[in-house]
Amino acid sequence: MAFLNIIREVLTGFVQGFRMAWWVEIATTEPRCIYYFGPFDNSAQAAAACPGYIEDIHKEKAQGMKVKIKLCKPEALTVCDEENDEL
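Residues numbered from 1 in each chain as written. Predicted model: local features only at pLDDT ≥ 70, side-chain atom pairs only at ≥ 80, totals over all residues. Heavy atoms only, no water.

Asker: Describe the pairing of strand β2 (residues 32-40), naming the residues involved and giving the relevant values.
Answerer: Summarising the sheet, strand β1 (residues 21-29) and β2 pair through seven bridges and their orientation is antiparallel. When the sheet's bridge partners are listed, W22 is paired in β2 with F40. (Pairing = 2+ DSSP bridges. Helix = DSSP H or I, 4+ residues; strand = E, 2+ residues; numbered from the N terminus.)

Dropping the structure here:
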């Protein structure tokens, strides 16, 4: 029975590694960056957390914020212009 539990835990971890979750994506024009905050279990939780993230980025003097709540699995939590030409 213990062997089956180990197999179940390994398979569950493997599946969760590929599972996407809800994230808050905030893109700014100055500096030219994309910030990801999360993960969240649902879009309502992500939306409820947005004001705090927006306030934090605003305090850093960022300009031109666009906020999206999306189902994804970001590879990095912060992506800036010099790191990625896709911005």
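Read on for the rest.
Asker: Describe the state of the cysteines, and please don't skip the residues or the numbers.
Answerer: By definition, a disulfide is the covalent link that joins the sulfur atoms of two cysteine residues. According to the stated counting rule, one finds one disulfide in the structure shown. Each disulfide pairs two cysteine sulfurs, and for C33 the partner residue is C80, the sulfurs being separated by 2.2 Å. Taking the sign of the torsion about the S-S bond as the criterion, the disulfide between C33 and C80, at about 100°, is right-handed. With C33 in strand β2 and C80 in strand β4 (residues 78-80), the pair connects residues that are 47 residues apart, well separated along the chain. C33 sits in the buried class, given a relative accessible area of 3%. Using a relative accessible area of 12% as the deciding quantity, one classes C80 as buried. (Disulfide = S-S within 2.5 Å. Buried < 20%, exposed > 50% of the residue type's maximum accessible area, 1.4 Å probe, protein only.)

Asker: Outline unusual backbone geometry, listing residues and values.
Answerer: The amide bond that connects E30 to the next residue, P31, takes the cis arrangement and shows omega of 0°. Tracing the chain through its elements places P31 in the loop between β1 and β2. A positive phi angle, close to 70°, is found at K61, a residue other than glycine. Residue position: K61 is located in the loop between α2 (43-59) and β3 (66-72). Residue class for K61 comes out exposed when judged on its relative accessible area of 66%.

Asker: Can you tell me about the packing of aromatic side chains, naming the residues and giving the values?
Answerer: As enumerated under the stated definition, the model contains one aromatic pair in all. Aromatic side chains F37 and Y53 sit 4.1 Å apart centroid to centroid with 10° between the ring planes, which places their arrangement in the stacked category. In this pair, F37 is assigned in strand β2 and Y53 in helix α2, connecting sequence segments 16 residues apart. (Phe/Tyr/Trp six-rings, centres within 6.5 Å; stacked < 30°, edge-to-face > 60°.)

Asker: Break down the sheet that holds β2 for me, citing the residues and quoting the values.
Answerer: Overall, antiparallel pairing links the four strands, which are arranged β3-β1-β2-β4 in an open sheet. Whereas interior strands pair on both sides, the edge strands pair on one side only; in this sheet they are β3 and β4. The sheet shows a mean angle of 20° between the axes of neighbouring strands, direction not considered. Examined bridge by bridge, β1 and β3 share seven bridges and lie antiparallel to one another. Counterpart to I26 in the pairing with β3 is V67. Those strands touched by α2 are β1, β2 and β3, and its axis lies near 30° from that of β1. (Axes fitted to C-alpha atoms, helices over the stretch in contact; angles between N-to-C directions. Contact = heavy atoms within 4.5 Å.)

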